[in-house]
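Chains, contacts and geometry: an overview
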Amino acid sequence: MTGEKRDIKSMTLEELEGQLAEKGCRAFRAGQIFQWIHEKLAGSFEEMTNLPKDLRERLSQEYDLITLKQEDVKVSGIDGTRKYLFGLPDGHVIESVLMKYKHGNSVCISSQVGCRMGCRFCASTLDGLERNLRPAEMLDQIYGIRRDTGERVSHVVIMGSGEPLDNYDSLVRFIRLISHEKGLNISRRNITVSTCGIVPGIEKLAEEGLGVTLALSLHAPDDRVRRTLMPVANRYPLEDVMRACETYFKKTGRRLTFEYSLVKGVNDNLAEARALAQLIKNRQGHVNLIPVNPIKERDYVQSGRKAVEEFKLYLEKNGINVTIRREMGRDINGACGQLRRSFMEQKS
Ligand code: SAH
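As a starting point, this report considers the structure included with it. Just so you know, these numbers come straight off a predicted model, no measurement behind them.

**Some thoughts on the packing of aromatic side chains**
Following the criterion strictly, the structure yields two aromatic pairs and no others. Consider the rings of Y84 and F86, whose centres lie 5.5 Å apart with planes at 5°: the pair is stacked. Classification of Y84 as buried rests on a relative accessible area of 0%. With relative accessibility at 1%, the residue F86 sits in the buried group. Arranged with centres 5.2 Å apart and planes meeting at 35°, the rings of Y260 and F311 form a pair that is tilted. Of this pair, Y260 sits in strand 12 (residues 256–262) while F311 sits in helix 11 (residues 305–317), placing them 51 residues apart in sequence. When sorted by exposure, Y260 lands in the same class as F311, which is buried. For the cation-ring pair, K40 lies above W36, with the distance from its terminal atom to the ring centre recorded as 4.0 Å.

The structure is reproduced here in structure tokens:
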């Protein structure tokens, strides 16, 4: 971050109004500036041509307009998926992905640099947590992709590197800004927050009144197996996690997604499918099966096609809503976090 300047892109419209009023600006200026930042995606104060020149100068002296640097982009020849590597103002890099579906364009963003949750199969957590992302840095992943492609973004999934509920305040601020009617105005129903199961965070989000979709990374139907894959399961037992999910549904009316990465010989046999069906039954939600993406630092193996199909079939027969997550951009796809790792390895 450059010196003492304030981060204007992370500010709400109300905050901006308050600060401009203090400077003696006319009331409508805050709305203009907010629109330049969040709707027209301005890259500098200079571009804000309907503001008086002296105001533009004052703004650039007092505020930072955080903009990410596009370090790299890989484009899939199969389905047009675009994987971006963005540089942050302090030199860290993060990954974001644009996926094109029939129902619209979806961007997957990172919420932290690294992660401290320690899930065993995940590349993002191998070096621990570097730092939280600011709301502006979460926003600019989407703004940057929109600037680069000119494409509309209708869906946002917070499923990149990091645990969003471990960066709670920035997450909530980000959601309010990205769904603001004077900004990109992305429908909150089309925003999905994915969590490894931080119970107090889920409960708090349920009270926030945002109406976003919650995805729980389940990956096992019981604590014994879950603890071998996800250290966070030692802290929050499944019973409490599922109760928090229930609360989330009751408060928001939003159905949950349960993510389940299938790891050969660890969580993919029919006994686990049975236990999973039992766990999910009578809950409002559906299961997303993801054959685990192997990372070279660990020796987990992806479940075979047949095992995945059988697992799915069993759940379906037991009345569970289930999909196998289509692998997007298979030709450019390392597991999440791997593009960033290979970039850093090259640099060092
Ligand atoms: N921290 C959040 C969001 C980021 S991870 C969470 O845990 O949900 C997004 C999803 O990808 C999670 O379900 C995570 O468990 C899963 N994931 C991470 N690495 C993976 C891999 N190598 N293969 C398959 N799924 C993976």
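**Details of the site of the ligand**
Taken together, 17 residues lie near the ligand, and E163, S194, S217, H219 and N293 sit nearest. One of the backbone N or O atoms of T195 is found 3.4 Å from an oxygen atom in the ligand. Measuring from an oxygen atom of the ligand, one finds a side-chain N or O atom of E259 at 3.3 Å. When the ligand sits alone it has 530 Å² of accessible area, and the protein chains cover 93% of it.

**Section: unusual backbone geometry**
A positive phi angle, near 65°, is found at H219, a position not held by glycine. Mapped onto the fold, H219 is located in the loop between strand 11 (213–217) and helix 7 (223–229). With a relative accessible area of 4%, H219 lands in the buried category. The backbone of N282 sits at a positive phi, close to 65°, despite the residue not being glycine. Residue position: N282 is located in the loop between helix 10 (270–280) and strand 13 (285–291).

**Observations regarding the side chain of K312**
Relative to the elements of secondary structure, K312 occurs in helix 11. Setting aside its immediate chain neighbours within four residues, K312 contacts L289, V322 and I324.

**So, the pairing of strand 13**
Taken across its seven residues, strand 13 has five buried, putting it largely inside the fold. For the crossover from strand 12 across helix 10 to strand 13, the handedness is right-handed. Two elements, strand 13 and strand 14 (residues 321–324), share four bridges in a ladder whose sense is parallel. Opposite L289, over in strand 14, you have I324 as the bridge partner. Handedness of the crossover is the feature at issue here: the chain leaves strand 13, passes through helix 11, returns alongside strand 14, and the resulting connection is right-handed.

**A word on the state of the cysteines**
Evaluation of the coordinates by the stated rule reveals zero disulfides. The thiol sulfur of C115 is not disulfide-bonded, and the nearest other cysteine sulfur, from C122, lies at 6.4 Å. Assessed through its relative accessible area of 8%, C115 is described here as buried.

**What about the pattern of salt bridges?**
Counted according to the given criterion, the structure contains 27 salt bridges. Residue K23 pairs with E62 through a salt bridge whose shortest N-O separation is 2.5 Å. Of the two residues, K23 sits in the loop between helix 1 (13–22) and helix 2 (28–38) while E62 sits in helix 3 (residues 53–62), which places them 39 residues apart along the sequence. When the shortest N-O distance is used, the salt bridge between E95 and K83 registers 3.7 Å.

**Brief notes about helix 1**
Buried within helix 1 we find L13, L16, Q19 and L20. Taken down its axis, helix 1 places every buried residue within 125° of arc, on the same side. For helix 1, exposure combined with an orientation more than 90 degrees from the buried face picks out E14, A21 and E22. Among the structural elements, strand 1 (6–7), helix 2, helix 3 and strand 2 (63–64) are those in contact with the buried residues of helix 1.

**Side note on the pairing of strand 3 (residues 69–75)**
Where strand 3 and strand 4 (residues 82–87) come together, six bridges link them in antiparallel fashion. Pairing of V75 across the sheet is with R82, part of strand 4. Counting the residues between successive antiparallel strands, the hairpin from strand 3 to strand 4 contains six residues, one of them, G80, with a positive phi of roughly 80°.

**Looking at the nonpolar core**
I142, F174, L205 and V287 are the most contacted members of the largest nonpolar core, which has 92 residues in total. When residues of this core are assigned to their parent elements, the largest contribution, seven residues, is made by helix 5 (residues 168–178). Beyond its immediate stretch of four places on either side in the chain, F174 contacts I109, P135, M138, L139, I142, V156 and I158. Counting residues in hydrophobic clusters, the runner-up holds five residues, among them V97, M99, C108 and M328.

**With respect to the packing of helix 6 (residues 199–207) against helix 9 (residues 238–252)**
At a minimum axis separation of 9 Å, helix 6 and helix 9 run at an interaxial angle of 5°. Classified by the angle their axes make, helix 6 and helix 9 are roughly parallel. The residues of helix 9 that touch helix 6, namely those facing V199, I202, E203, L205, A206 and E207, are D240, V241, A244, C245, T247, Y248, K251 and T252.

Rules used throughout
Residues numbered from 1 in each chain as written. Predicted model: local features only at pLDDT ≥ 70, side-chain atom pairs only at ≥ 80, totals over all residues. Heavy atoms only, no water. Phe/Tyr/Trp six-rings, centres within 6.5 Å; stacked < 30°, edge-to-face > 60°. Buried < 20%, exposed > 50% of the residue type's maximum accessible area, 1.4 Å probe, protein only. Helix = DSSP H or I, 4+ residues; strand = E, 2+ residues; numbered from the N terminus. Lys NZ or Arg CZ within 6 Å of the ring centre and 35° of its normal. Near = heavy atom within 4 Å. Polar contact = N/O pair within 3.5 Å; in protein donor to acceptor, adjacent residues only side chain to side chain. Areas by Shrake-Rupley, 256 points an atom, 1.4 Å probe, with all protein chains shown as cover. Contact = heavy atoms within 4.5 Å. Right-handed = clockwise from strand over helix to strand, strands pointing away. Pairing = 2+ DSSP bridges. Disulfide = S-S within 2.5 Å. Salt bridge = Lys/Arg side-chain N within 4 Å of Asp/Glu carboxyl O. Arc of directions from axis to C-beta. Core = buried A, V, L, I, M, F, W, Y, C linked by side-chain atoms within 4.5 Å. Axes fitted to C-alpha atoms, helices over the stretch in contact; angles between N-to-C directions. Parallel < 35°, antiparallel > 145°, perpendicular 65-115°, else oblique.

By themselves, these are just geometric observations and shouldn't be taken as functional.
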